[in-house]
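Take a look at the letters that make up each chain.
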Amino acid sequence: MAEVSIRKVEKAYETYKAVHGIDLEIADKEFVVLVGPSGCGKSTTLRMVAGLEEITGGEIWIGGDLVNDVPPRDRDIAMVFQNYALYPHMTVFDNMAFGLKLRKFPREEIKKRVDDAARILDLTTLLDRRPKALSGGQRQRVAMGRAIVRNPRVFLFDEPLSNLDAKLRVQMRTEIKKVHQTIPTTTVYVTHDQIEAMTLADRVVVMNFGRIEQVGPPQELYHNPATRFVAGFIGSPAMNFFPVKVTNEGGLYVQWPGGVKLAVPPQRANRYAPYAGKEMTLGLRPEHLTETHDIEKPGVVRIEVPVDVVEPMGMETMVHFLVNGEEMTARVDPATHAAPGEMLPLAADMNNMHLIDNESNKVV
């Protein structure tokens, strides 16, 4: 068993605190992704789990063992870095086998492990090549193979795809997911890319300013964000935020600047009624601002917006417009007529609204 337990872990550099007493339990064989903007503490947390950074406070447990003072080589973990860190003078086989040779594994066992990893990663025909003869994606697969042959208790990935182009990143995401399905080892993966987090993770850990904002399965974070930060960070394009006032005048409404009133669906009325009279923030994702053909659906409200920018993207079109000087985005069908400067009718699906308290920044 290889559970990872992070308990009240802190990291401080003189006067700067990078990680503020976080708690996280990672189950055996679980794939957990730490995601957040640069400087949020995700890589620092990963490096503390690896033993590459000393912790300032708290405890880290791996497989039931307290590892605070255990050196990295004795933690039975394998780490894949952003840069491939391959030996340029060695073949693919020797790069993958190097760690096993240092540990004095029998030659037959080394060959078996390297051959097995090469088959999983589609590297069998490349074992005699040196890194300079490989593409970026192939080099990253070799780095993964070097980790796999270790057969560790925990895999750690530190933004392994950030050096690859967009197409290779998509391909490598699929490769990593396949590897975890084939070898279900406990995995902690760090990225700033929320699409990587959503597509790879069993659970996503959203971090901000050294703290954990929310932990949960990807779909839970997408549909039920706990804070404004999570709501805005998860999802692409990002969620729209509108300053509104909650009013109760013969029914519950949220009122935009300029007097536009949007009815709150009845099933949410009891939840939002205590906030009547309060200035709050309305969150709506672009896919919940779309064409008006569903206008008869309960909870859908018709609005008109002045089109600012139109972005055709093939299977869909993004329409950008301004509300009180803030840019908003709607996701519409490519056949929808939209031109800069024109008024565009949209349907706002209030069944998927999020109401955010401006003082706490929590979704109510």
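Residues numbered from 1 in each chain as written. Predicted model: local features only at pLDDT ≥ 70, side-chain atom pairs only at ≥ 80, totals over all residues. Heavy atoms only, no water.

**Quick notes on the overall build of the chain**
Piece 1. Looking only at helices and strands, one finds nine helices and 20 strands in the chain.
Piece 2. Expressed as lengths along the three principal axes of its C-alpha atoms, the size of the chain is roughly 80 × 45 × 35 Å.
Piece 3. Out of the 364 residues in the chain, the part that is buried amounts to 49%.
Piece 4. Taking all contacts inside the chain whose residues are at least 6 apart in sequence as the whole, residues at least 24 apart take part in 66%.
Piece 5. A total of about 17400 Å² of accessible surface is found on the chain, and carbon and sulfur atoms cover 50% of it.
Piece 6. Taking the average place of the 43 positive charges on the side chains of the chain and the average place of its 47 negative ones, the gap between the two points comes to 7 Å. (Helix = DSSP H or I, 4+ residues; strand = E, 2+ residues; numbered from the N terminus. Buried < 20%, exposed > 50% of the residue type's maximum accessible area, 1.4 Å probe, protein only. Contact = heavy atoms within 4.5 Å. Areas by Shrake-Rupley, 256 points an atom, 1.4 Å probe, with all protein chains shown as cover. Lys, Arg positive; Asp, Glu negative; His and termini not counted. Charge placed at Lys NZ, Arg CZ, Asp CG, Glu CD.)

**Some thoughts on the side chain of asparagine 240**
Piece 1. You can see asparagine 240 is positioned in strand β11 (residues 240–248).
Piece 2. By relative accessible area, which is 3% here, asparagine 240 ends up buried.
Piece 3. A distance of 2.6 Å separates the side chain of asparagine 240 from the backbone oxygen of threonine 329, its partner in a polar contact.
Piece 4. If near-sequence neighbours (up to four positions away) are discounted, asparagine 240 is found in contact with Leu282, Gly283, Leu284, Arg285, Pro286, Leu289, Met328 and Thr329. (Polar contact = N/O pair within 3.5 Å; in protein donor to acceptor, adjacent residues only side chain to side chain.)

**Re the pattern of salt bridges**
Piece 1. If you walk through the whole model with that rule in mind, you get 18 salt bridges.
Piece 2. Where lysine 8 meets aspartate 23, a salt bridge forms, and the shortest distance between an N and an O atom there is 3.1 Å. Of this pair, lysine 8 sits in strand β1 (residues 4–13) while aspartate 23 sits in strand β2 (residues 16–26), and the two are 15 residues apart along the sequence.
Piece 3. Residue lysine 8 is classed as exposed on the basis of its relative accessible area, which comes to 53%.
Piece 4. Of the charged contacts in the structure, one is a salt bridge between glutamate 10 and lysine 17, with a shortest N-O distance of 3.4 Å.
Piece 5. Note on glutamate 10: relative accessible area 27%, which makes it partly exposed.
Piece 6. Counted as one network, the salt bridges with shared partners bring together Lys11, Arg47 and Glu53. (Salt bridge = Lys/Arg side-chain N within 4 Å of Asp/Glu carboxyl O.)

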